[in-house]
Amino acid sequence: EEEEEEEEDEEGDDNGDLPAPCADTLQDLLRTVRKIVTRASTSRFALLSDAPWYTLTMAAPSDGIDMDDGEKAMVPMVYSGEPLLLDLMGGEEKRCKSIPFLMALDGGSEEYVEMNCRLLDGIIYGRLAIFDAPPSADDDDSDEEEAAKESNPNLESYVKTYALVDRFFLSDAIRDVLMCHRPMVSDAGADRSNAKEVAEQIWAVSHLFLPPPPVEGGEEVDLSNSESCSKGIEYGIVETMLSLIVQSTPQGCGVPASSPLNQHLYLSRVLLELTKLKPSLVPRAIVLAISGMFQDFMPSLTPSARENLGLWLSFHLTNTDYQWPKAFWEHWAPYASCQRNSRGDFVTTALYSMASLSADGTLVVVKDCLPAGSPLIQSVFLNQGEGEPPSSTEQDLINRIWNTSEEPDTIRQFIISDELTESYDAIGDENDDNSMFHCSVWWRTGLVTRALFHPLTRERARVARLTEKASSSDGMGMDDAIDDDVGETEDLQADLVDAIARFKPVMLAALARDADAYDSISSGKVDDDQLLLAGEVSILREFGNIVPQWDSITAAALVECLMYTKVVSGLAVTTWALGEHVKSSTEISSQWWKFVSQAVRNVITQSLSSTEESSTDLGGGIGMIIDDSGANDEDANEVSARKLDEALKVTAPIIKYSVERACQVLAEGSSDKKIPLVGADISEGIKRLLSATLFHFHSLVMTPSTSGKGILTRSNVQMGFTGMDISGDKLAVICQMATSTCKGEQGKKLLQNLAATLEKLV
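Given the structure is predicted, the values throughout are model-derived calculations rather than measurements.

**Student:** Describe the overall build of the chain, and please don't skip the residues or the numbers.
**Tutor:** Looking only at helices and strands, the chain has 33 helices and six strands in total. Taken across its 762 residues, the chain has 44% of its residues classed as buried. Sequence separation of 24 or more characterises 76% of the internal contacts of the chain that already satisfy a separation of 6 or more. Summed over its atoms, the accessible surface of the chain is roughly 40700 Å², and 51% of this surface lies on carbon and sulfur atoms.

Okay, here's the thing in structure tokens:
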């Protein structure tokens, strides 16, 4: 990490006079328009010179020169009047009525529609100058850079002959193709377009560029060959596609993309089809792009951008038979083996995702992707450990749950019995401060949790054992590796979901028994809600130690099941995800906000379900026949207000705790120069969480009734947030208070930026 910091400082000093390596579409548009208007540069984009109005002519003025036959001379038609103002919005004078009219709900209303843009996702996109800055008149490359480009004439052609204007139009055309040709299903059920056709349309953009100007002493361009005319364009296409991919909506957060240009899977499939369409050009461009991004851009990417890039690489390699240069894995291995850093996170994300995309998990990645004996196998896949073997009591409980299929009530009686207390050594580590979150307090709960998720423990150990065997046997086939059948069913996840629902009474009984035992020995009054929360966190903590780190799909599904069955609460998931009681904040996962978003959606859904059940429960049972003619007599506005109130009651504690805990973690940072990775994870995670929360309210709470009445607006939700003390201003105050106790300058900056964002977002 220190080396990364020094490299970044040196690059910042050397590149002070160069164009910004990262800009957005509005900045590029401004630069492009300036160059076109001032004619400061020429462009190879053909449409600029393919203007049909250039051929329009008009009679020359009367003082013009007459032709020999007496006819007036014809001159090009030009506009010589005053400049015209294209006023799209109209301002306060409301001069332009076109856009408000088109956006009016009924099309004929004279009222103006309010147009607000709170988020820029899907509107403005960033551009990463991955390969090189656009050429300039003062360009003076070093001998080393020139030698590298000479070895790749296509890259040299892109860097030297595609100016900023060309790159802007290329990126803009690619975005237009992605939007206009996106796959759709018509009302009749017919498919319209696919990823392959989109890739073909993108490559067709190359025909819109004119050949580069001839270079003195250089090779002549074959004008009959379209690929020669657009030589190097594949680098611009890959640059644009990867820029969109890193900005796409994060996966697994339950929030849909705001635009097709933000859909990670769509963009990944199109880039995959481009690879198949031009196998001699695009793959090489991708390899060079990833190499440059890994070395130059990775430390400055946000956590979600870094994750998006890793997920794309895993998808791409999985669908191309893991074809990737061996030297890259060897170069990347040290970053994933040392202390946590941004480049190591990227490599780990890619490998974890590849394992989750395969039915054989880590085994296929080790055998088909990584070089034999790669250090990544040990540092990424075999670093979780197998844990201690189960005790005799735990083994007996496993046998009762999974082998003899005893009734849950029988097992429940055994768990809460004094016989178990006498036979089981509950004390592991000493609980010196008598903390209710200590594992020794919840020994019964932990015992049941480990026994319930034992098939997952056994499967993890089996895969780890086979992975280690495959890594040590270079020529061993897959069939030879899978040599020990442990008797799992085909769907382990489905078995665990069923078991959670069936043995829920056992888990709750163990939880209650441990809570009573702690209450009886503690001095002073114990908060029952906090004690219950500590017990639920202990369940999730045991579960987190069992589930493989690379299997995020199984983790999310089983956490959802635990919340759905009401074994754990949404606040418990939030407390666990944010690592309230871990030894160090560095142990907090970068995926924490996805679990919290999942918890918010779950508690809102359950609260709305309870509200609907209470409003329809007439006390007569489901067999009672009633006259429902007056069922709709209740005011729709009151129903909507009650739904919003219930949703806010269950959401507010989660949001408030998340912000308080985030501020606590950020205030602990002591770095004055470099932003700690956990700080970046927490800061961006809070922003993502609040955006996801607003979406959950929009999709679950703000949906109108069938009668069209009782519609809630965003302002209603914001007023509700204010009433629950979780408005942007109130949350920003929490950040500002934490700033005074912050130890490092970077932590203070993160807290200040977070406070400013919360004020605008919520």
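**Student:** Give me the lowdown on empty space enclosed by the protein, citing residues and values where you can.
**Tutor:** Any empty space left between atoms is shown by rolling a water-sized probe over those atoms. Applying the stated criterion across every chain, the model contains one cavity of 30 Å³ or more. What the largest cavity holds in volume is close to 120 Å³. Contributions of two or more residues to the lining of the largest cavity are made by helix 2 (25-38), strand 4 (126-128), helix 6 (164-180) and helix 9 (233-246). Of the residues in the lining of the largest cavity, the class split is four nonpolar, six polar and five charged.

**Student:** So what about the pattern of salt bridges? Which residues, and what values?
**Tutor:** As enumerated under the stated definition, the model contains 20 salt bridges in all. Its salt-bridge partner being glutamate 307, residue lysine 594 comes within 2.6 Å of it at the nearest N-O pair. Residue lysine 594 is located in helix 28 (residues 592-616), and its partner glutamate 307 is located in helix 12 (residues 303-318); the two are separated by 287 residues in the primary sequence. The burial state of lysine 594 is the same as that of glutamate 307; both residues are buried. Sharing partners across several salt bridges, the network here consists of Arg306, Arg340, Asp345 and Asp681.

**Student:** Before we move on, can you summarise the environment of lysine 649 with the specific residues and values?
**Tutor:** Positionally, lysine 649 belongs in helix 29 (residues 636-668). A relative accessible area of 44% places lysine 649 in the partly exposed class. Put simply, lysine 649 and valine 603 are 46 residues apart on the chain and 9.7 Å apart in space, counted from C-alpha to C-alpha.

**Student:** Give a description of helix 27 (residues 570-577) that names residues and reports values.
**Tutor:** Most of helix 27 sits out of view: six of its eight residues are buried. Turning to helix 27, its buried residues are Gly570, Ala572, Val573, Thr574, Thr575 and Ala577. Taken from the residues just after helix 27, glycine 579 is the one with a positive phi, measuring 60°.

**Student:** Account for the side chain of serine 259, with residues named and values stated.
**Tutor:** You can see serine 259 is positioned in the loop between helix 9 and helix 10 (264-277). Using a relative accessible area of 6% as the deciding quantity, one classes serine 259 as buried. Not counting residues within four places of it along the chain, the set of residues in contact with serine 259 comprises Gly122, Tyr125 and Met179.

**Student:** Can you lay out a negative patch on the surface for me, pointing to particular residues and giving the numbers?
**Tutor:** Taken together, the side chains of Asp516, Asp519, Asp527, Asp528 and Asp529 make up a negatively charged region of the molecular surface. Turning to its location among the elements, aspartate 528 is positioned in helix 25 (residues 528-546). You can call aspartate 528 exposed: its relative accessible area is 53%.

**Student:** Requested: an account of the environment of alanine 336, with residues and values cited.
**Tutor:** Within the fold, alanine 336 resides in helix 13 (residues 326-337). The exposure class of alanine 336 is buried, given its relative accessible area of 14%. The sequence separation of alanine 336 and phenylalanine 346 amounts to ten residues, and the corresponding C-alpha distance is 8.6 Å.

**Student:** If you had to explain the packing of aromatic side chains to someone new, which residues and values would you point to?
**Tutor:** Per the counting criterion, the structure on display carries 19 aromatic pairs. When the ring of tryptophan 329 is compared with that of tryptophan 332, the centres are 5.4 Å apart and the planes differ by 85°; the resulting orientation is edge-to-face. Here tryptophan 329 pairs with tryptophan 332, and both are found in helix 13, just three residues apart, close to one helical turn. The exposure class of tryptophan 329 is buried, given its relative accessible area of 1%. Between phenylalanine 453 and phenylalanine 543 the ring centres are 5.2 Å apart and the planes differ by 55°, which places this aromatic pair in the tilted class. In this pair, phenylalanine 453 is assigned in the loop between helix 20 (443-452) and helix 21 (454-472) and phenylalanine 543 in helix 25, connecting sequence segments 90 residues apart. On the basis of relative accessible area, phenylalanine 543 is assigned to the buried category, the value being 0%. Clustering of aromatic rings is evident, with ring pairs tying together Phe45, Phe131, Tyr158, Tyr162, Phe168, Phe169, Phe209 and Tyr235. In this arrangement the basic side chain of arginine 343 is found over the ring face of phenylalanine 294, its NZ or CZ atom lying 5.9 Å from the centre. For the cation-ring pair, arginine 400 lies above phenylalanine 414, with the distance from its terminal atom to the ring centre recorded as 4.2 Å.

**Student:** Describe the packing of helix 7 (residues 195-204) against helix 10, listing the residues and the values that go with them.
**Tutor:** Running from amino to carboxyl end, helix 7 crosses helix 10 at an angle of 65°, the nearest separation of the two axes being 8 Å. Our classification of the angle between helix 7 and helix 10 gives roughly perpendicular. Of the two possible hands of crossing, helix 7 and helix 10 adopt the one that is right-handed. On helix 10, the residues touching Ala195, Lys196, Val198, Ala199, Glu200, Ile202 and Trp203 of helix 7 are Tyr266, Arg269, Val270, Glu273, Leu274 and Leu277. Looking at the contact of helix 7 with helix 10, its residues break down into nine nonpolar, no polar and four charged.

**Student:** I'd like to hear about the confidence of the model for the chain, residue by residue, with values.
**Tutor:** Residue-level pLDDT values for the chain average 81, and 78% of them are 70 or greater. When mean pLDDT is compared element by element in the chain, helix 10 scores highest at 96, while helix 1 (residues 2-14) scores lowest at 37. Ignoring residues within four places in sequence, the model shows residues 481-489, a span with pLDDT below 50, making 18 contacts including any to other chains. Taken as a whole, residues 620-631 scores under 50 in pLDDT and shows one contact with residues more than four places along the chain or in a different chain.

**Student:** So what's going on with helix 31 (residues 714-723)? Residues and values would help.
**Tutor:** Spacing of three or four residues puts side chains on the same side of an α-helix, whose turn is 3.6 residues. Along helix 31, the residues classified as buried are Val717, Gly720 and Phe721. Take helix 31 and look down its axis: the buried residues cluster within an arc of 100°, on one side only. Residues of helix 31 that are exposed and angled more than 90 degrees away from the buried face: Met719 and Gly723. Against helix 29 and helix 30 (677-701) lie the buried residues of helix 31.

**Student:** Describe unusual backbone geometry, naming the residues involved and giving the relevant values.
**Tutor:** Even without glycine at this site, serine 405 takes up a positive phi of about 55°. With respect to the helices and strands, serine 405 occurs in the loop between helix 17 (392-403) and helix 18 (408-415). A residue is classified by how much of its surface remains accessible, and serine 405, at 42% relative accessible area, is partly exposed. In this structure, aspartate 725 is a non-glycine residue whose phi angle is positive, near 65°.

What counts, and at which threshold
- Residues numbered from 1 in each chain as written.
- Predicted model: local features only at pLDDT ≥ 70, side-chain atom pairs only at ≥ 80, totals over all residues.
- Heavy atoms only, no water.
- Helix = DSSP H or I, 4+ residues; strand = E, 2+ residues; numbered from the N terminus.
- Buried < 20%, exposed > 50% of the residue type's maximum accessible area, 1.4 Å probe, protein only.
- Contact = heavy atoms within 4.5 Å.
- Areas by Shrake-Rupley, 256 points an atom, 1.4 Å probe, with all protein chains shown as cover.
- 1 Å grid on protein atoms, 1.4 Å probe; cavity = no way out; pocket = protein on both sides within 12 Å on 5 of 7 lines; lining within 4 Å.
- Points joined across faces, edges and corners; volume = space filled by probe spheres on them.
- Nonpolar A, V, L, I, M, F, W, Y, C, P; charged D, E, K, R; others polar.
- Salt bridge = Lys/Arg side-chain N within 4 Å of Asp/Glu carboxyl O.
- Patch = residues over 30% accessible without salt bridge, like charges linked within 9 Å, V, L, I, M, F, W, Y side chains within 5 Å.
- Lys, Arg positive; Asp, Glu negative; His and termini not counted.
- Charge placed at Lys NZ, Arg CZ, Asp CG, Glu CD.
- Phe/Tyr/Trp six-rings, centres within 6.5 Å; stacked < 30°, edge-to-face > 60°.
- Lys NZ or Arg CZ within 6 Å of the ring centre and 35° of its normal.
- Axes fitted to C-alpha atoms, helices over the stretch in contact; angles between N-to-C directions.
- Parallel < 35°, antiparallel > 145°, perpendicular 65-115°, else oblique.
- Left-handed = near helix turned anticlockwise from the far one by under 90°.
- pLDDT = per-residue confidence, 0-100.
- Arc of directions from axis to C-beta.

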